Each structure stands twice: as C-alpha cells, then as structure tokens.
Amino acid sequence: MRILAIETSCDETGVAIYQQDNHQGHVLSNHLSSQIAIHARFGGVVPEIASREHDKTLPPMLAEVMRSAALSWSDIDALAVTSGPGLMGALLVGTSFARAMAMVHQLPLMPIHHLEGHILAAGLSDKLPPMPFVALLVSGGHTLLVLVKKIGNYQLLGQTLDDAAGECFDKSARLLGLPYPGGPEIALLAKEGVCGKYRLPRPMLHRDGCDFSFSGLKTAVLHASKKINMHDHQQRCDLAAEIQSAICDVLIKKTMRACTEQGVAHVVLAGGVAANTCLRDGLAKAAAFIGIQSHVPPAHYCTDNAAMIAYAAHCRFSLGESAPAIDTWDANPRQRLIE
Ligand code: KG4
Ligand code: ZN
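This report concerns the structure included in the present document. None of the values given here were measured: they were computed from a predicted structure.

Let's talk about the sheet that holds strand β10 (residues 293-295)
Line of reasoning, step 1. If you trace the five strands from one edge of the open sheet to the other, you get β8-β7-β6-β9-β10, paired in mixed fashion. Sheet topology places β8 (153-159) and β10 at the edges, where each strand pairs with a single neighbour. Taking the axes of each pair of neighbouring strands and ignoring which way they run, one obtains an average angle of 25 degrees across the sheet.
Line of reasoning, step 2. As defined by bridge partners, strand β6 (residues 133-138) adjoins strand β9 (residues 266-270) across four bridges and the pair is classed as parallel. Residue V134 lies in a different strand from β9, and its bridge partner there is V267.
Line of reasoning, step 3. Together, β6, β9 and β10 form the strand contacts of helix α10 (residues 277-289), whose direction differs from that of β9 by roughly 175 degrees.

Okay, structure coming up:
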C-alpha cells in the first residue's frame, strides 16, 4: 500500500509518500518547505502568511514528490492529511487540497491528528515498540506525557499547565536576542556554555504527578537575562546552557516518573523539541538507568513532516479502519487527541 500525505498545520509545508510491503515499510519521498525565514522577521508565525505560503508551495511540491519517487497517481492507494490541531487557515489549505485530490483521483482520505503523527513517528525509522508505552510529546504548542495503550487509545498522564517546552525555548531565546525558532538557537549557544554558572529553577520537580509548568522558568530567564552582559558571548552561552539543562531536567525526570508509575518497558520521544541533543541523550541515559528501552526517532522525523502523517494513516488502515467520507469531518484547530 502506498499512502501520500500532506502536512500544513503550522509553518512547514510537507508532502510525503510511505509504502508498506508485507512487513517492511519505506518512506519513498519526504519533502519539506520551511517558512521560518519568512516568519523570522516577525519573531513568530504570522497565520495569514503561513496559509498563503502553503497554498503557493503545495502544488509544485506534490509534483516534485511524485517525480522524485518516480510514481504517478495510479500508484497511490490512499491519501492522508493533518486535520488538526494547528492554525485554522493553514489546516484549511492542506485539507481542501487533499479533499480535491481525493475527489479527482477517487482515493480514500484519512484525516490524522498532528500529535498522533508525532507519537507514531518512532515507527518510521524502527519498529514501533510494543504497547503500552509512554510517549513524551514536546513541540512548540504542546507538552504531554501520554500512555499509548493501542493505536488510537491514548491516556493523558501529564501536561503543561501553562507554556509548552518549545514555547519556553522560543521565549527564552527571544530574551537572549536570538531569532525564531529559538530551540535550535539556544542549543547552539549551549554547546559553548557551562550549565550551573547561573542557577535557574526546575519547576514542578518536587510536586507529585506528571504535570509540567514552564512559565515560572521563563520569568526566571527574564530576570537572569537582565543581570548578564548581553555583549559578552560567553555569558550568553552559559545562560543558554542553563536554560536548556533546566528544561531537559524537568522533562526527563517527569518522564521517568511516568514510566515507573505505569510500569512500562518502553518510552518514546516525540515532537520538535525532541530534536534537541541534550534531551535525546539525557532521556536515553535516564531510561537505560532504570532499565527501560528508549526510542528516539532521527531529528528530521521529530520536527514537523508529512512522513509521520502517512505512517499514522498506515497504522490506522492496517488495523482495518476505513477512511471517513470526505464531507463528514472538518479541519479543527483545537482537535483533541484524548477525549
Ligand atoms: O513539532 P514542531 O516542529 O512544531 C509544532 O508542532 O509545534 O516543534 C517546534 C518546536 C519549536 O518550539 C522549536 O523551537 C523546537 O520545536 N525545536 C527545538 C529544537 N528544534 C526545534 N527545541 C530545542 N532544541 C532543538 N534542537
Ligand atoms: Zn508538530
């Protein structure tokens, strides 16, 4: 089965084709066009510009994906598209485009929850771990700990009470005078810095449960950034290292707590922040220490991409689910993963 997927929930346009033959899956083509350079001068994503860029990018990208995989429409068996959550206009561009393709080419179209795509992305580079497993999902808008019981059966174990981890990276970066998106920029400075030179709090660590809170940390970064000399490269690097370490410490410790409480043998790291090396290495080490296996997809499958949407659709089709009729669902910017 070959599935062509479209992802347009935020500021990256993605089109990918995933193929499954017997027990082996392959990503035949996975194209991405980032709008970061366009939004960077505004310090964040401008929704209308994002929609217009998706609209402009999708048709040539689709042609390029078909060309690079040497396929034509008769080789495609199904379509998948991100139906939510995300920016309403951006989602509408992707879902309208996918609906039109489904009608013209008479193909089933599976709407996919963006966060389900992130969680299942671990199955793109390796086999999905046996369920149940715990997934830490950390993106620009979400920070969740989820117990994955089965595909489509998710239990919320913890979530952020305020800012998402990615948002904390992005807002802290702005305080350090770094461009959007801030996560990779902080990571870059942190490489040259020493954590512990400035002390930042590790919020919620000593509270029971698996919820997170990053707004206090953001305020602490604001105070710390006023105390350092912004023209001193080393001081900025040291503060960046402490910010990264504070965010990762909290994420890793709460994830290990969730794994222990649930008694699972596997943990999955997902979402854009999972591209962070300190988080990837730290989580793998902590998991090994308590005797569980960690699954960390390659960075290009952690950040937004359409291959994860195609793979999530494949998982649903392989469970015998059929695609809903195209007029029975809508793009939903606040679509919930867990009802
Ligand atoms: O999942 P994603 O690509 O888009 C959303 O669905 O939100 O996540 C984007 C987030 C941004 O906040 C970005 O700063 C963060 O992921 N991010 C990182 C890194 N790469 C991306 N954060 C820390 N370190 C990174 N290397
Ligand atoms: Zn995402």
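Observations regarding the packing of helix α9 (residues 233-262) against α10
Line of reasoning, step 1. Where α9 meets α10, the axes come as close as 10 Å, and the angle between the chain directions of the two elements is 35 degrees. In this structure, α9 crosses over α10, and the sense of that crossing is right-handed. Mapping the contact onto sequence places Q244, C248, L251, I252, T255 and M256 in α9 and C278, L279, G282, L283, A286 and A287 in α10.

Focus on the pairing of β9
Line of reasoning, step 1. Among the five residues that make up β9, five are buried, leaving the element largely enclosed by the rest of the structure.
Line of reasoning, step 2. Here β9 shows a buried face lined by H266, V268 and A270 and a second buried face lined by V267 and L269.
Line of reasoning, step 3. Examined bridge by bridge, β9 and β10 share three bridges and lie parallel to one another. Across the sheet, V267 pairs through a bridge with S294, a residue of β10.
Line of reasoning, step 4. After leaving β9, the chain enters α10 and then returns to the sheet as β10, a path that is right-handed.

Some points on the coordination of the zinc ion (ligand 2)
Line of reasoning, step 1. Of the protein atoms, only H114 (NE2), H118 (NE2) and D304 (OD) coordinate the zinc ion (ligand 2), at distances of 2.1 Å.
Line of reasoning, step 2. Read in sequence order, the donor residues coordinating the zinc ion (ligand 2) give the pattern H-x3-H-x185-D. Linking H114 in helix α4 (residues 114-120) with D304 in the loop between α11 (299-302) and α12 (307-318), this pair joins segments that are 190 residues apart in sequence.
Line of reasoning, step 3. Accessibility expressed as a relative area gives 7% for H114, which makes it buried.
Line of reasoning, step 4. With a relative accessible area of 15%, D304 lands in the buried category.

Digging into the sheet that holds strand β1 (residues 2-7)
Strand-to-strand pairing in sheets goes through backbone hydrogen bonds, with the strands running parallel or antiparallel.
Line of reasoning, step 1. Ordered by their spatial adjacency, five strands build an open sheet running β3-β2-β1-β4-β5, and the pairing between neighbours is mixed. Each end of this open sheet is capped by a strand with a single partner; those strands are β3 (24-34) and β5 (109-113). Along the sheet, successive strands turn relative to each other by an average axial angle of 20 degrees, direction set aside.
Line of reasoning, step 2. With four bridges connecting them, β1 and strand β4 (residues 78-84) associate as parallel partners. The partner of I6 across the bridge, within β4, is V81.
Line of reasoning, step 3. Relative to the sheet, α12 contacts β1, β2 (12-21), β3, β4 and β5, its axis offset from that of β1 by approximately 130 degrees.

Parameters and conventions
Residues numbered from 1 in each chain as written. Chains lettered and ligands numbered in written order. Predicted model: local features only at pLDDT ≥ 70, side-chain atom pairs only at ≥ 80, totals over all residues. Heavy atoms only, no water. Pairing = 2+ DSSP bridges. Helix = DSSP H or I, 4+ residues; strand = E, 2+ residues; numbered from the N terminus. Axes fitted to C-alpha atoms, helices over the stretch in contact; angles between N-to-C directions. Contact = heavy atoms within 4.5 Å. Left-handed = near helix turned anticlockwise from the far one by under 90°. Buried < 20%, exposed > 50% of the residue type's maximum accessible area, 1.4 Å probe, protein only. Right-handed = clockwise from strand over helix to strand, strands pointing away. Donors = N, O, S within 2.8 Å, 3.2 Å for Na, K, Ca; no water.

Everything listed here is a matter of geometry and, on its own, says nothing about what the molecule does.
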